Amino acid sequence: MRNVQFEEIGADTGGEAAVPPSAQLLELTGKRVVSFKDRGQAITFFFRRLTAADWQKFFAGCVFETERIGATQTRRIDHRTAGMELVESALLDAVGYKLRDGADLTALPSWQKRIPAGHKVAAAELLQKVSESQDDVERWFDPEAQEVYLDAAWGSETPGKMMKYSGLVHRFTPPTAEHERKYNRASSEARVVGGSRAGRTIYPGRQELLIAIYDQLIITVEGYSVNGKPLEDPKEIRSEMDAAHKVTAVQALFAVPEVESE
Amino acid sequence: MIVVSRDYEGLRIAAMELLEEQRTSRDQELRFRNLDLANTANADAVLEQMAHKRTVSDGYYMRVRYLFWLEGMLKLNAVLPELQVNEAEGLEAVSAARNEFRSKYPPCGRCGFPNHKFIPRCAECGAELAPKGRT
């Protein structure tokens, strides 16, 4: 069993903060809250729950290209455009904007489009903020399963600060050579525009495959809840788990560790 | 638009260049360590010369790495479903590059390091190489 830890993160915190016990498990249902500070002013966004379709649209809109000009390689990674669209499509409410005439921003027509672009980008980044745990946590070896630990920003109790969950566990059936092959093949399927020698390489997204692999291999998770109850049943995990967490967990499953040796 | 996995000539070129990179990376590491860049008049030119020469777009090298991996798995008799046509053809392209590489850099009979055809001693283990072929 792992101990999932949580804390608040924000520009002016510098440490842990008291969090209500209800927040100890990452609750997947309900509204998603994202909060950050811009020049000292707390901005809070309330989103409807992000569905698998929302994430698929987002992943499909992400761009990853490389181009070689002489000996120089340039990369173009664009998550911003897709992220802004994700924010606009799922945003229900926004708090923290003071209008000069005292009006409520969200009462204006198409108010989501009036949110500053930088704030949409910041919110989109917080919605995607999940990564493999980097902390020096004790890792157990289970010959029957392979564990992956994630850290994620999710929800907010205090304006301007995000909750951080550390050590979320995803336990998988060990992947077979065929799973690895699918993963490696998906990484190698590219298109080139402008000729084979000086062209631009466009890498297609592989998130759909990663989600399929997740659904095939997941056994249990720890640290998540659905409607207040710990998420335990594999069938429920497949249907309820956030797609961004699925993708990150499978990437971590196939990641080659940085080997330390002396 | 070129589908990299089906451009077998491009894959052959990329495979050959990756094999050459593997061969030279050790030499380059040693040369780089011994190079006094601060006192080298044409440091930029030297570094440029040492940089790997890649002539096709990046997607080809990514695909070839996958094909190298697949080749290794097949050698280990890993249980994999049938190959796709583009994988089989891609493996052919890699195999052609390996043959070309072996002919250009015959392996040392003792340690297997691929040496230039006409050097007298293996650059890796120092074994004497036969005038034609290797020890």
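Residues numbered from 1 in each chain as written. Chains lettered and ligands numbered in written order. Predicted model: local features only at pLDDT ≥ 70, side-chain atom pairs only at ≥ 80, totals over all residues.

This paragraph deals with the overall build of chain B. Assigned secondary structure in chain B consists of four helices and one strand. Ordering the α and β elements of chain B from the N terminus gives β-α-α-α-α. The buried share of chain B, taken over its 135 residues, is 26%. Pairs at least 24 apart in sequence give 52% of the contacts found in chain B among residues at least 6 apart. (Helix = DSSP H or I, 4+ residues; strand = E, 2+ residues; numbered from the N terminus. Buried ≥ 20, exposed ≤ 12 C-beta atoms within 10 Å, placed from the backbone. Contact = placed C-beta atoms within 7 Å.)

Across the boundary between the two partners, chain B contributes 26 residues, which contact 20 residues of chain A. Elements with a contribution of two residues or more to the side of chain B that touches chain A: β1 (2-3) and α3 (58-75) of chain B. When residues of the side of chain B that touches chain A are assigned to their parent elements, the largest contribution, nine residues, is made by α3 of chain B. When the residues that make up the side of chain B that touches chain A are grouped by side-chain class, the tally is 15 nonpolar, five polar and six charged. In the sheet, strand β11 (residues 191-193) of chain A pairs with β1 of chain B via two bridges, with the strands oriented antiparallel. When the sheet's bridge partners are listed, R191 of chain A is paired in β1 of chain B with V3 of chain B. (Nonpolar A, V, L, I, M, F, W, Y, C, P; charged D, E, K, R; others polar. Pairing = 2+ DSSP bridges.)

Now for the sheet that holds strand β15 (residues 229-230) of chain A. Residue and element names in this part refer to chain A. With mixed pairing, three strands are arranged side by side in an open sheet as β2-β14-β15. Edge positions in the sheet fall to β2 (26-27) and β15, since each has one partner strand and no second. Judged from the two bridges that link them, β2 and strand β14 (residues 224-226) form a sheet pairing that is parallel. Across the sheet, residue E27 finds its bridge partner in β14, namely S225.

Turning our eyes to something else, we now look at the environment of D38 of chain A. Residue and element names in this part refer to chain A. Structurally, D38 can be placed in strand β3 (residues 32-38). Here D38 falls in the partly exposed class, since 14 other C-beta atoms lie within 10 Å of it. Between the C-alpha atoms of D38 and G160, which are 122 residues apart in sequence, the distance is 8.6 Å. Setting aside its immediate chain neighbours within four residues, D38 contacts I43 and H119.

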